[in-house]
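Notes for the structure review
Spelled out, the chains give:
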Amino acid sequence: MIKSKITGLGRYLPERVVTNNEISTMMDTNHGWIVERTGIEERRWFTPGKETVNSMAAEASKMAIKDAGISTEEIDFIIFATITPDYFLPGNGVLLQRELGLQGIGALDVRNACSGFIYALSIADQFIKTGMYGSILVVGAEIQSSALDKSDRGRSSAVIFADGAGAAIVQASNGEEGILSTHLHADGDYAEELYVRDPGSSRKTRISEELIEEGGFNLFMNGNAVFKHAIVKFHEVIMEALDANGYKPEQLDLLIPHQANLRISQFIQERLKLPDHKVYNNIMKLGNTTAATIPIAMSEAKDSGRLSSGNLVCLAAFGSGFAWGSALLRF
Ligand code: COA
């Protein structure tokens, strides 16, 4: 049976490093609070006029294409996970397609926030297994910093979210290695616990002074609700992936959790009884880049030797929606 295999990985991080001390000059917070509650020491924010979601995605994609050892023309389809597109319409998939000179192939946008990359990977997996496509570019790229309320009102989320892009080439393979299964879930009862309300299409006007004042254009997060659900669902969906394939947590070589918050990752690590070297975290330096965290982490892990051919790897995510998911793969 045809399997889908990740054959190349890439990433792009904005050059601008924003430390907790710099954030403390914008709002009432401090390095100690941020590190204790989130584990984040610094993050990257884009520079307007220099970086866009599309330019970051293109750089990450070029690195992934090179890593896979294929030519750009071999890509049959693009899946772009982002909730911070450059335009309200059209989506970022077509912009990336144009940038890479791949006019004519299909391009799909996925809007499942922090779980976006897992959803996108799962879609790629289905297309490949059915034989519809042979090589798919899957991207997660976000600019969150321009949606953050950098006043005291927004401080609980402004310290967490950041910018960046990651990309993977997913290809058909007949070997043992590849994606073993993917598991997707959502519960819309919690849609407003982590959301950006505006510009909502169902209003009389999409933009007004009043709406701006209300803060609907900024990211709103009920941090406690997110934390409470995340620690349960992360564990459930990782176990679902392992059970589906007859594995136990101790057989994992590497868990790459969506980088929501270091405390969440540590909580899951403890419940699964995994040693430090089996869990990949980079939130300390990069913050939470929503759909981009997993492909960025995979690309870094591969380059640093922590992710190698043949490894049993679990990817897992939880976020806005609430939506959550996992993928188990033999890398
Ligand atoms: N700096 C300093 N103090 C802050 C702050 C900040 N950046 N943000 C919030 N606080 C304050 C609150 O105002 C509150 O003060 P009070 O007790 O005087 O009212 C206090 O810290 C505790 O607030 P609370 O919201 O209960 O903190 P918490 O321990 O839940 O931590 C989060 C807040 C956001 C760090 C935590 O809820 C969390 O990690 N949630 C999950 C977030 C996440 O993973 N998001 C990504 C989803 S993909």
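None of the values given here were measured: they were computed from a predicted structure. (Residues numbered from 1 in each chain as written. Predicted model: local features only at pLDDT ≥ 70, side-chain atom pairs only at ≥ 80, totals over all residues. Heavy atoms only, no water.)

1. Overview of the nonpolar core
In terms of nonpolar packing, the biggest core is built from 41 residues, with Ile238, Leu252, Leu255 and Ile264 touching the most fellow members. Examining the composition of this core, we find that nine residues originate from one element, helix H8 (residues 223-244), more than from any other. For this core, the domains that each give at least three residues are domain 1 (3-175) and domain 2 (179-330). Beyond its immediate chain neighbours, meaning those up to four positions away, Leu255 contacts Ile238, Ile268, Leu272, Leu274, Lys278, Val279, Tyr280 and Cys314. Phe77, Ile79, Val110 and Tyr119 belong to the second-largest nonpolar core, a separate cluster that totals 35 residues. (Core = buried A, V, L, I, M, F, W, Y, C linked by side-chain atoms within 4.5 Å. Buried < 20%, exposed > 50% of the residue type's maximum accessible area, 1.4 Å probe, protein only. Helix = DSSP H or I, 4+ residues; strand = E, 2+ residues; numbered from the N terminus. Domains from an automatic or database assignment. Contact = heavy atoms within 4.5 Å.)

2. Things to note about the domain arrangement of the chain
Assigned domains within the chain: domain 1 (3-175) and domain 2 (179-330). Spacing between the C-alpha centres of domain 1 and domain 2 amounts to 13 Å. Listed as interface residues are 52 residues of domain 1 and, on the opposing side, 53 residues of domain 2. Across the domain 1-domain 2 interface, the total number found is three salt bridges. Residues Asp303 and Arg11 are paired through a salt bridge, measuring 2.9 Å at the closest nitrogen-oxygen approach. Our count for the contact surface shared by domain 1 and domain 2 stands at 21 residue pairs in polar contact (both at pLDDT 80 or more). At the level of elements, strand E1 (3-12), helix H2 (31-38), strand E3 (42-44), helix H3 (53-68), helix H5 (116-129), strand E6 (135-142), helix H6 (155-158) and strand E7 (164-173) are the ones that each hand at least two residues to the side of domain 1 that touches domain 2. (Salt bridge = Lys/Arg side-chain N within 4 Å of Asp/Glu carboxyl O. Polar contact = N/O pair within 3.5 Å; in protein donor to acceptor, adjacent residues only side chain to side chain.)

3. A few points about the pattern of salt bridges
Per the stated rule, a full pass over the model turns up 15 salt bridges. Close ionic contact of Asp198 with Arg197 constitutes a salt bridge, the shortest N to O distance being 3.0 Å. A relative accessible area of 4% means that Asp198 is categorised as buried. Relative accessible area serves as the criterion here: at 30%, Arg197 is assigned to the partly exposed category. Measuring nitrogen to oxygen at the nearest pair gives 2.6 Å for the salt bridge that ties Glu214 to Arg197. Here Glu214 is found in helix H7 (residues 209-214), whereas its partner Arg197 is found in the loop between strand E9 (194-195) and H7, with 17 residues between them in sequence. Overall, Glu214 belongs to the partly exposed group, its relative accessible area being 48%.

4. Concerning unusual backbone geometry
Cis geometry is found at the peptide bond from Leu89 to Pro90, where omega equals -5°. Mapped onto the elements, Pro90 comes out in the loop between strand E4 (77-81) and helix H4 (92-99). Along the chain, Asp198 connects to Pro199 via a cis peptide bond; the corresponding omega equals 5°. Among the structural elements, Pro199 can be located in the loop between E9 and H7. The phi dihedral of Lys273 is positive, around 55°, even though this residue is not glycine. By the secondary structure assignment, Lys273 is in the loop between helix H9 (262-272) and helix H10 (283-286). Of note, Thr290 is a non-glycine position whose phi angle comes to about 50°, a positive value. Within the secondary structure, Thr290 is located in the loop between H10 and helix H11 (293-303). Residue class for Thr290 comes out buried when judged on its relative accessible area of 2%.

5. Considering the sheet that holds strand E13 (residues 323-330)
Spatially, E8-E13-E12-E11 is the arrangement adopted by the four strands of the open sheet, whose pairing is mixed. In this open sheet, the two edge strands, each paired with only one partner strand, are strand E8 (178-186) and strand E11 (254-257). Across the sheet, the axes of successive neighbouring strands diverge by a mean angle of 10°, strand direction being ignored. The pairing of E8 with E13 spans eight bridges and is classified as antiparallel. Bridge pairing in E13 places Ala186 opposite Ala323. The sheet strands contacting H11 are E11, strand E12 (312-319) and E13, and the helix crosses E11 at an angle near 145°. (Pairing = 2+ DSSP bridges. Axes fitted to C-alpha atoms, helices over the stretch in contact; angles between N-to-C directions.)

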